[in-house]
Amino acid sequence: MEPSVYVPAYLEHAYLASHEQLTPGGLRLLREEIRRDPAKYATDDHARALLSYWEVRDQLLDALWRMQDLPDDEFDRQRNELFDAARAELARIGAHDRMCIDARLTDILLADVPVDACLADLMALEREAREHLAATVDGFDADAPRIWPDDGAGSAAEKIRANPVAVGWLHTVEAIAQLCLASARYRAAAAYAQRLMRADGFWERGRGILLLALARLEDERGFFELANDDERRSAAPADADAGGATGDDRPAETAEGRPAPLEDSPWYLLGRTILLYKLGRRKNARRALRDLVARCEGAAFFLLNPTFLEPYLPVRPPVREAWELTHQAVWEADGILADTPDFADWAASVEGVADASERFAARYGF
């Protein structure tokens, strides 16, 4: 979830705590004012820390975007300098406000340390944030079917958006799941993804990680049980327990706020291809690969050509183009693909895949 979504929600929630009688028109005006000048409504230290984090993160991502066309050596040098400067600011914010979880999370992710050390830091941060929520939020239970209580006073997704510690905790859970997936800790990745899926509005994010982990584990039953459960959720009314959109989740959802149809999810289609390939069902795997390439623009290209992806800072970013979802799915599966001998060569040999890759590259200038 982007800070542009949850920081204004927190500022609005804090303002309404002392201005309960706003009319609907007044509420609309308040939201417009917060979007225009959030600093005006940052009246406590936590709000000011959140705004500082938002600014540092936006500056970091903007600088990375401007650097993409640099030669490799110059890119590496400037990126290292950028990360060092950003870490200094993030550490300052985190030291001033320990509950600005996203600032501390991003600081950890930018550190140049071994995977095990990074995971240890992430798990310590996750535990600290979870214990804070357990002590301050009535009914919060990280292991319940729905981790956030629903007391009828607004949706659980709305409450999560208005609680930056909850958002930071969920981002930390997502980052741990991603790093477990990348470092071949597939069962741990699945467990953290399942925890993420119990939070309203975060189902879509956890689902992708879980599908890839189950595919790598060759858990055919678990994979297709999840797929069937997902289809039931997609068919349910928008206000059902599946949770609503959270702003930056919307590119992966329908206009009505339901999860996108599973057959259009690159995580599902790629996971199915990997699963069938690993199970030795080459004929079915070829069909699944062709389906992936036909439904997900860019799938052939990114499978055959590992391509730079803007870092997850701290978690899966929103997308501008539909093919960016495909890029994300393939990038998240990179460790699995590297750990699956001959998969890339096999994919390139399937009729039509190489041609689709070339067409995509020509269309978008890769």
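Residues numbered from 1 in each chain as written. Predicted model: local features only at pLDDT ≥ 70, side-chain atom pairs only at ≥ 80, totals over all residues. Heavy atoms only, no water.

Trainee: What am I meant to see in the overall build of the chain here?
Mentor: Per the secondary structure count, the chain includes 18 helices and zero strands. Over its C-alpha trace the chain gives a radius of gyration of 21 Å, about what one expects of a compact globule, namely 21 Å for 366 residues. Taking as baseline every contact in the chain between residues at least 6 positions apart, the subset at least 24 positions apart corresponds to 66%. Summing over all exposed atoms, the chain offers an accessible surface of approximately 17,300 Å²; the carbon and sulfur share of this is 48%. (Helix = DSSP H or I, 4+ residues; strand = E, 2+ residues; numbered from the N terminus. Rg over C-alpha atoms; globule rule 2.2 N^0.38 Å. Contact = heavy atoms within 4.5 Å. Areas by Shrake-Rupley, 256 points an atom, 1.4 Å probe, with all protein chains shown as cover.)

Trainee: How should the nonpolar core be read in this particular structure?
Mentor: One recurring pattern in soluble globular proteins is that nonpolar side chains are buried together. Within the largest apolar cluster, 117 residues are counted, with the highest numbers of intra-cluster contacts made by Trp-169 and Leu-289. Among the elements that line this core, the one with the most residues is helix α8 (residues 164–182), at twelve residues. (Core = buried A, V, L, I, M, F, W, Y, C linked by side-chain atoms within 4.5 Å. Buried < 20%, exposed > 50% of the residue type's maximum accessible area, 1.4 Å probe, protein only.)

Trainee: Explain the confidence of the model for the chain to me, please; I cannot follow it from the model alone.
Mentor: Detail in the predicted coordinates should be disregarded across regions flagged by low pLDDT. The share of residues in the chain with pLDDT of 70 or more is 90%, and the mean pLDDT across the chain is 90. The secondary structure element of the chain with the lowest average pLDDT is helix α11 (residues 220–235), at 80, and the one with the highest is helix α5 (residues 101–110), at 98. Under a pLDDT of 50 for its full length, residues 237–258 has, in the predicted model, 45 contacts with residues more than four places off or in other chains. (pLDDT = per-residue confidence, 0-100.)

Trainee: Got a minute to help me understand the packing of aromatic side chains in this structure?
Mentor: Pairs of aromatic rings are described using the distance from one ring centre to the other and the angle between the two planes. The final tally for this structure, using the stated rule, is 21 aromatic pairs. Summarising the aromatic geometry, the rings of Phe-223 and Phe-224 are spaced 5.1 Å apart at their centres and angled 80° between planes, so their arrangement reads as edge-to-face. Since its relative accessible area comes to 0%, Phe-223 is described here as buried. Ring plane angle 65° and centroid distance 5.5 Å describe the contact between Phe-302 and Phe-360, whose orientation is recorded as edge-to-face. Of the two residues, Phe-302 is situated in helix α14 (residues 299–304) and Phe-360 in helix α18 (residues 353–364); the sequence distance between them amounts to 58 residues. Of the residues examined, Phe-302 reaches a relative accessible area of 3% and is grouped as buried. (Phe/Tyr/Trp six-rings, centres within 6.5 Å; stacked < 30°, edge-to-face > 60°.)

Trainee: Teacher, can you tell me more about a positive patch on the surface here?
Mentor: Positive charge collects at one region of the surface, where Arg-282, Lys-283, Arg-286, Arg-287 and Arg-290 lie side by side. Mapped onto the fold, Lys-283 is located in helix α13 (residues 282–295). (Patch = residues over 30% accessible without salt bridge, like charges linked within 9 Å, V, L, I, M, F, W, Y side chains within 5 Å. Salt bridge = Lys/Arg side-chain N within 4 Å of Asp/Glu carboxyl O. Lys, Arg positive; Asp, Glu negative; His and termini not counted. Charge placed at Lys NZ, Arg CZ, Asp CG, Glu CD.)

Trainee: I'm lost on the packing of helix α12 (residues 266–278) against helix α15 (residues 322–332) in this one. Help?
Mentor: The packing of two helices is summarised by the inter-axis angle and the distance between the axes. Where α12 meets α15, the axes come as close as 9 Å, and the angle between the chain directions of the two elements is 40°. Here α15 runs oblique to α12, going by the angle between their axes. As for how α12 packs across α15, the hand of that crossing is right-handed. Between α12 and α15, the residues in contact are Pro-266, Trp-267 and Leu-270 and Leu-325, Thr-326, Gln-328, Ala-329, Val-330 and Glu-332, respectively. Within the contact of α12 with α15, the residues separate by chemical class into six nonpolar, two polar and one charged. (Axes fitted to C-alpha atoms, helices over the stretch in contact; angles between N-to-C directions. Parallel < 35°, antiparallel > 145°, perpendicular 65-115°, else oblique. Left-handed = near helix turned anticlockwise from the far one by under 90°. Nonpolar A, V, L, I, M, F, W, Y, C, P; charged D, E, K, R; others polar.)

Trainee: I keep staring at the environment of Leu-269 and nothing clicks. Help me out?
Mentor: For Leu-269, the position within the fold is in helix α12. Its relative accessible area of 1% is what places Leu-269 among the buried residues. Those residues in contact with Leu-269 that lie beyond four places of it in its chain are Glu-263, Asp-264, Asp-291, Leu-292, Arg-295 and Cys-296.

Trainee: Quick question: what am I supposed to make of unusual backbone geometry here?
Mentor: For residues other than glycine, phi is negative in most cases, and the peptide bonds are mostly trans. For the bond from Leu-313 to Pro-314, the omega torsion is 0°, close enough to zero to count as cis. At Asp-342, a position not held by glycine, the phi torsion is positive, near 70°. Among the residues examined, Asp-342 registers a relative accessible area of 54% and is labelled exposed.

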